[in-house]
Structure formats: C-alpha cells, structure tokens
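Observations on the three-dimensional arrangement
This is what each chain is made of:
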Amino acid sequence: MKKNKNKLRRVQLCALSLILSTNVVIMCNLMNITQQDKKIINGLKISYDSLNEDNNQIKEVNANYERQLNELKQDKTTKYCDNAQQEMELIKPFEDSDKENYIKAYLDIVNKYSEYVDAPESLEDYYTDAQIQIMLKCIETETFEAPFDAKVNVASVILNRLNRDEFPTDPIKLITDKNQFAYGRNNITEETKYALYYAWYIKDTTDGAIGFRSDCNPSKWNGWYYSSTDGYHYFYRLEGINE
C-alpha cells in the first residue's frame with residue numbers, strides 16, 4: 001500500500017513537472033510573439049509618422065498651387081474685363097448711328113468674354129421661346145420692309161408695355177389681345193431678331209412710348225399723348241414719361 005502511494009506521488013510530480021515545463025515554453029513563445037508585435041507596431045508607427053509628414057507637405061504644396069492659380073485667374077479676369085471694356089468703348093460711337101451693326105458687335109463682345117465678365121440678363125432668361133417668337137412675329141408684321149430703326153422702335157413699345165402694370169406681363173396675351181398688334185407673318189428675318197435684342201440690351205428708342213399707329217397722328221389718342229414719329233409709325237406715351 002505504501003509502495004503504491006509513493007508510486008502515485010512520483011507520477012503526480014512528473015505530471016506537475018511536465019505541465020510547468022510546457023507553460024514555460026508557451027510563455028516563452030508568447031513573449032517572442034509580443035516582441036515581434038512590438039517591432040511591427042513600432043515600424044508601423046514610424047511609417048505612419050512619415051506618411052503624415054508627407055501628407056502635410058502635399059497639403060502645403062496644394063495650398064500654394066491653389067493660391068497661385070487663383071492669383072493667375074484674378075489677373076486674367078482683370079485683363080479680360082479691361083479688354084471687354086475697351087472693345088465696348090470702340091463700338092460706342094455706332095450705338096445710335098448704326099444700331100444693327102452695333103448690337104451685333106455688342107453681342108459678339110458679350111459672348112467672347114462671357115467666361116470672365118458677368119453677362120447682362122438675356123431675353124431668354126425672362127421669356128420662353130414661344131413668347132419671344134410672338135414678339136418677333138409682331139415686329140416682323142408691324143414693320144414689314146421697314147428699316148432697322150423702325151423695327152427697334154416697335155420692339156421698344158412691346159417691351160415698354162410688358163414693364164407696365166396696366167398691361168399683361170405675358171407677351172403672348174399682350175400681343176394677341178383684340179385690336180392690339182398685328183402678328184401674322186411667320187418668316188422672321190435676322191434683322192428683326194437683332195432689333196428685338198437692341199431694344200432689350202441697349203435701350204428704349206421711343207422715349208417711353210406704349211403705343212403707335214400708322215394712319216394719322218392726333219395729338220391725343222386712347223388717353224395717350226403723341227411723342228414722335230420715325231416716318232413709319234406715330235408713337236404715343238403717357239404724359240410725364242421721360243425715360
């Protein structure tokens with residue numbers, strides 16, 4: 001019995017020794033893994049710091065580039081603004097004496113520098129294609145075979161009415177209302193288109209007229225007062241309008 005106890009004790013001691021030695025190996029392996037991890041982590045940290053530093057340098061380079069680019073754009077915009085203004089001044093003498101070529105040159109300059117200079121609000125910004133078309137038909141009909149200046153005058157009357165509260169703001173309703181305007185012609189000439197553009201972009205050439213007739217020129221008509229004639233129409237405006 002005693003021998004069996006001693007034998008069991010020796011087996012237990014051997015088993016304990018085996019467990020302890022295995023744990024030591026495992027701990028050693030764990031320590032080795034931990035050291036490797038530390039090396040990897042340190043390496044990654046160094047790489048991250050390096051990348052972060054490079055990234056900051058790239059950001060600084062990009063910021064400098066953007067700043068220089070904006071300065072160049074500013075200089076370019078200023079240059080083109082000056083060029084546009086100079087070209088506008090060159091054509092200014094023809095604003096009244098040669099309206100058709102003036103508006104063509106004006107629009108060419110506007111389109112040429114549109115990327116750098118704020119363009120004026122266009123006719124197309126305000127009105128639909130159908131509304132513009134009815135205005136063109138009206139001008140074409142009311143001034144058939146008349147010179148460019150006469151077309152601009154009729155275009156001015158249409159726009160003057162559209163800007164007044166007592167008239168419809170829709171060109172289609174304004175023109176097609178009974179006994180208002182003629183608009184039967186469909187073949188629109190380039191001249192007529194530029195006449196409308198001149199009245200829109202440049203100025204009213206009728207001193208604020210809101211009506212016209214071609215048969216006679218009474219001093220007062222429809223509550224309006226005679227103001228001028230272009231040889232094709234007699235124009236009328238409300239008393240006191242000087243714009």
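**A short note on the nonpolar core**
- Formed by 43 residues in total, the largest nonpolar core has its most connected members in Ile103, Tyr106, Met135, Ile158 and Leu196.
- For this core, the secondary structure elements donating two or more residues are helix 1 (2-91), helix 2 (99-112), helix 4 (129-142), helix 5 (148-162), helix 6 (171-176), helix 7 (190-201) and strand 4 (234-237).
- With 8 residues, the top contributor of residues to this core is helix 5.
- Those residues in contact with Tyr106 that sit more than four places away from it in its chain are Met88, Ile91, Pro120, Tyr201 and Ile202.

**Section: the side chain of Arg213**
- With respect to the element layout, Arg213 can be found in strand 1 (residues 211-213).
- Within polar-contact distance, the side chain of Arg213 engages the backbone oxygen of Cys216 at 3.4 Å.
- If near-sequence neighbours (up to four positions away) are discounted, Arg213 is found in contact with Pro218, Trp221, His233, Tyr234 and Tyr236.

**What to know about the pattern of salt bridges**
- Summed over all chains, the structure comprises 11 salt bridges.
- Between Glu95 and Lys203 there is a salt bridge, with the nearest N and O atoms lying 3.6 Å from each other. With Glu95 in the loop between helix 1 and helix 2 and Lys203 in the loop between helix 7 and strand 1, this residue pair connects regions lying 108 residues apart in the sequence.
- Given a relative accessible area of 9%, Glu95 falls into the buried group.
- Lys104 is paired through a salt bridge with Glu100; the nearest N and O atoms lie 3.5 Å apart. Of the two residues, Lys104 and Glu100 both sit in helix 2, 4 residues apart, roughly one turn of that helix.
- Given a relative accessible area of 21%, Glu100 falls into the partly exposed group.
- Ionic contacts of the salt-bridge type, sharing partners, join the residues Lys92, Glu95, Asp96 and Lys203 into one network.

**Remarks on the packing of aromatic side chains**
- Evaluation of the coordinates by the stated rule reveals 15 aromatic pairs.
- With centroids separated by 6.3 Å and ring planes inclined at 65°, the aromatic side chains of Tyr194 and Tyr197 adopt a geometry described as edge-to-face. Of this pair, Tyr194 and Tyr197 are both found in helix 7, 3 residues apart, which corresponds to roughly one turn of the helix.
- Through pairs of rings, three or more aromatic residues link up here, namely Tyr102, Tyr106, Tyr194, Tyr197, Tyr198 and Tyr201.
- Seen from the ring of Phe144, Arg185 lies directly overhead, with NZ or CZ sitting 3.4 Å from the centre.

**Thoughts on the packing of helix 4 against helix 5**
- Running from N to C, helix 4 and helix 5 cross one another at 135°; their axes reach a closest spacing of 9 Å. Judged by the inter-axis angle, helix 4 sits oblique to helix 5. Pair helix 4 / helix 5 crosses with right-handed handedness. Facing Met135, Cys138, Ile139, Glu140 and Glu142 of helix 4, the residues of helix 5 in contact are Lys151, Val154, Ala155, Ile158, Leu159 and Leu162.
- Within the contact of helix 4 with helix 5, the residues separate by chemical class into 8 nonpolar, no polar and 3 charged.

**Quick look at helix 2**
- Under the 1.5 Å per step criterion, the end-to-end length of helix 2 is 20 Å for 14 residues, consistent within 8% with the ideal 20 Å.
- Of all the residues in helix 2, the buried ones are Lys99, Tyr102, Ile103, Tyr106, Leu107, Ile109 and Val110. Along helix 2, the residues classed as buried sweep out an arc of 160° about the axis, all on the same side. With respect to the buried face of helix 2, the exposed residues turned more than 90 degrees away are Asp108, Asn111 and Lys112.

Cut-offs and rules
- Residue positions within a chain follow its written sequence, with the count starting from 1.
- The model is predicted, so local features are restricted to residues of pLDDT at least 70 and side-chain atom pairs to those at 80 or more, both for listing and for counting; the totals for chains, interfaces and linings are taken over all residues.
- Only hydrogens and water are removed before side-chain values are computed, so all heavy atoms of the structure are retained for them.
- Here, nonpolar core refers to any group of buried Ala, Val, Leu, Ile, Met, Phe, Trp, Tyr and Cys residues whose side-chain atoms link them within 4.5 Å.
- Only protein chains enter the area calculation, which uses a 1.4 Å probe; residues under 20% of their type maximum are buried, those over 50% are exposed, and those in between are partly exposed.
- The way it works is that DSSP assigns letters per residue, a run of H or I at least four long becomes a helix, a run of E at least two long becomes a strand, and they are numbered from the N terminus.
- Every residue pair with non-hydrogen atoms within 4.5 Å of one another is taken to be in contact.
- In protein, a polar contact means a hydrogen-donor-capable atom and an acceptor-capable atom, both N or O and within 3.5 Å, with residues adjacent in sequence counting only if both atoms are side-chain atoms; elsewhere, any N or O pair within 3.5 Å suffices.
- Whenever a carboxyl oxygen of Asp or Glu lies within 4 Å of a side-chain nitrogen of Lys or Arg, that contact is scored as a salt bridge.
- Here a Phe, Tyr or Trp ring, Trp counted by its six-membered ring, pairs with any other such ring whose centre lies within 6.5 Å, and the pair is stacked when the planes are under 30 degrees apart, edge-to-face when over 60, and tilted otherwise.
- Here, a charge over a ring means that NZ of Lys or CZ of Arg falls within 6 Å of the ring centre while also lying within 35 degrees of the ring normal.
- With axes taken as lines fitted to C-alpha atoms, and helix axes fitted only over the stretch in contact, angles between N-to-C directions fall between 0 and 180 degrees.
- In these notes the angle categories are as follows: under 35 degrees is roughly parallel, over 145 is roughly antiparallel, 65 to 115 is roughly perpendicular, and the rest is oblique.
- Handedness of a crossing is defined here by the sense of rotation of the near helix relative to the far one, left-handed for an anticlockwise turn of less than a right angle and right-handed for a clockwise turn.
- Note that Gly is not counted as nonpolar here; it falls among the polar residues with everything else outside the nonpolar set of Ala, Val, Leu, Ile, Met, Phe, Trp, Tyr, Cys and Pro and the charged set of Asp, Glu, Lys and Arg.
- The span expected for a helix works out to 1.5 Å for each residue beyond the first.
- The directions from the helix axis to the C-beta atoms form the arc being described.

Don't take any of this as a statement about function, it's just geometry.
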